[in-house]
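For reference, the chains in residue letters:
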Amino acid sequence: MDMDFSPEDLAFREEVRDFLAENLPDRLKDGARKTPGVFVEPDIGMEWHKILNSKGWVAPHWPKEDGGTGWTPTQKFIFEKECALAGAPGLAILGLRLVGPVICEFGTPEQKARFLPKILNGEDYWCQGYSEPGSGSDLASLKTTARLEGDQYVVNGSKIWTTHAHHANWIFALVRTDATVKKQAGITFLLLPMDQPGIEVTPIMSMSGDHEVNQVFFTDAVTSVENRIGEEGAGWSIAKFLLENERGGSCFAPRLLQSIDRLAELADTQPSGVNGAIAHDARFRDRLAKARLDAEALEFTELRILAELAKGRAPGPQTSLVKLLGSNIGQEVDTLRLELLGHDALQLPLERPLYGNEAPEAIGSEFAQIAMGRYLNNRAATIFGGSDEVQKNIIAKTVLGL
Ligand SMILES: Cc1cc2nc3c(=O)[nH]c(=O)nc-3n(C[C@H](O)[C@H](O)[C@H](O)COP(=O)(O)OP(=O)(O)OC[C@H]3O[C@@H](n4cnc5c(N)ncnc54)[C@H](O)[C@@H]3O)c2cc1C
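Everything in this summary refers to the structure shown in the same document. (Residues numbered from 1 in each chain as written. Predicted model: local features only at pLDDT ≥ 70, side-chain atom pairs only at ≥ 80, totals over all residues. Heavy atoms only, no water.)

## Comments concerning the packing of aromatic side chains
Evaluation of the coordinates by the stated rule reveals 14 aromatic pairs. Look at Phe12 and Trp57: their rings are 6.4 Å apart centre to centre, the planes differ by 50°, and that puts the pair in the tilted class. Within this pair, whereas Phe12 is found in helix α1 (residues 7-23), its partner Trp57 is found in the loop between α3 (42-55) and α4 (73-86), the two being separated by 45 residues in sequence. Taken individually, Phe12 and Trp57 each receive the classification buried, so the pair is uniform in this respect. Seen from their ring centres, Trp126 and Phe172 are 6.4 Å apart, and the 40° between their planes marks the pair as tilted. Of this pair, Trp126 sits in strand β1 (residues 126-129) while Phe172 sits in strand β4 (residues 170-176); the two residues are 46 residues apart in sequence, bridging distant segments of the chain. Each member of the pair Trp126 and Phe172 is classed as buried. Taken together, the ring pairs connect Phe12, Phe19, Trp48, Trp57, Trp71 and Phe79 into an aromatic cluster. Over the ring of Trp57 we find Lys55; its NZ or CZ atom is 4.9 Å from the centre of that ring. (Phe/Tyr/Trp six-rings, centres within 6.5 Å; stacked < 30°, edge-to-face > 60°. Helix = DSSP H or I, 4+ residues; strand = E, 2+ residues; numbered from the N terminus. Buried < 20%, exposed > 50% of the residue type's maximum accessible area, 1.4 Å probe, protein only. Lys NZ or Arg CZ within 6 Å of the ring centre and 35° of its normal.)

Rendered as structure tokens:
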């Protein structure tokens with residue numbers, strides 16, 4: 001595999017750098033830096049989304065005819081890497097990376113015309129209704145039902161851990177339309193408008209004090225039969241297509257490497273509490289070096305996957321490998337950030353729902369204020385999108401043939 005960028009790729013990298021220098025405002029970088037959560041809040045993320053859309057760059061992973069960029073996999077990698085280096089906010093994946101590609105792949109021409117432009121221009125904000133109380137890893141056991149009455153489905157049940165459901169105006173949901181067949185065969189993929197009396201969203205506060213996830217209750221909620229993606233009972237194949245995108249759709253390494261470099265810089269000045277800067281503490285230095293090597297190795301794996309994609313092959317179970325490694329290295333980086341900061345990290349940022357109006361006084365730098373929130377929030381990275389154990393099972397079965 002040729003790891004060098006071609007002259008065309010280098011020219012593309014310059015174009016991306018110029019665009020970022022001119023169009024990424026400091027206030028969005030600032031908002032992204034202070035975000036403890038997996039997704040930035042919509043007011044930050046959607047502003048960047050709209051800037052990218054006006055350039056035609058918001059959906060690199062869609063087919064060109066549906067509004068994608070037509071970039072090669074290497075160009076997509078360069079774009080992600082440059083965005084990470086520039087400190088751009090991460091975009092909400094729910095529309096762009098999850099339901100968008102599903103509609104591109106399985107939607108009718110009418111569904112594409114109706115939904116895709118509103119994802120691109122940021123008018124619609126989506127959430128993902130897969131998990132249920134009792135059906136997470138064993139997703140196919142889901143119990144939320146939908147029955148067809150005339151030209152609409154009537155939906156009853158509940159979804160849980162629904163990220164940003166409180167911001168969303170649409171939800172894509174897996175529902176059971178037939179309980180008499182094998183469990184995977186009775187599942188259908190529906191799109192439902194959130195703004196209706198049959199849908200109630202209740203918040204779940206995380207241990208970091210953030211409101212990102214929710215439980216969503218459906219009580220005779222309705223959606224038109226025109227909002228079914230694929231045939232009735234075909235939802236499981238669509239669900240799996242989406243999960244592959246969720247697990248391997250983005251490159252983890254660029255942002256990890258950027259965070260590790262920032263830690264290395266700070267380690268030169270941050271006191272170890274014993275003798276000199278923490279950069280001179282052998283144990284800390286070893287762990288930081290290992291995290292960097294792991295992130296570099298992951299970057300090569302991601303480039304290897306890109307090379308496969310460039311040959312027209314599907315990413316397949318390698319996405320599980322990337323998800324497993326990316327989320328674990330991310331958690332190690334979060335832990336090293338706390339170690340670096342010592343007791344300065346024993347705080348959560350101000351103005352969080354956890355505190356109400358009783359925000360305590362901040363200690364130390366802004367960097368210290370976000371470290372604990374990020375650490376606590378990112379514990380979920382090895383759970384959502386399929387837990388570590390589930391990824392290991394997939395790798396064991398499909399890659400190692402065990
Ligand atoms: C922050 C956050 C955001 C989320 N956002 C969304 C969202 O927007 N939409 C959505 O639909 N879902 C979302 N989820 C749900 C997420 O996908 C599930 O939490 C995840 O799939 C695990 O399911 P579970 O919570 O039911 O745990 P369980 O499936 O009950 O797992 C419990 C434990 O058992 C282990 N385990 C389970 N099965 C096996 C097995 N076969 N072999 C070995 N170990 C096993 C798991 O690894 C885990 O450690 C989110 C979760 C979190 C934490």
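## With respect to the packing of helix α9 (residues 282-310) against helix α10 (residues 318-341)
At a minimum axis distance of 10 Å, the contact between α9 and α10 shows a crossing angle of 155°. With respect to their mutual orientation, α9 and α10 come out roughly antiparallel. Crossing of α9 against α10: the hand is left-handed. Along the contact surface, α9 presents Phe284, Arg287, Leu288, Ala291, Asp294, Ala295, Leu298, Thr301, Glu302, Ile305 and Glu308, while α10 presents Gln318, Leu321, Val322, Leu325, Gly326, Ile329, Glu332, Thr335, Leu336, Glu339 and Leu340. For the contact of α9 with α10, the residue count by class is 12 nonpolar, four polar and six charged. (Axes fitted to C-alpha atoms, helices over the stretch in contact; angles between N-to-C directions. Parallel < 35°, antiparallel > 145°, perpendicular 65-115°, else oblique. Left-handed = near helix turned anticlockwise from the far one by under 90°. Contact = heavy atoms within 4.5 Å. Nonpolar A, V, L, I, M, F, W, Y, C, P; charged D, E, K, R; others polar.)

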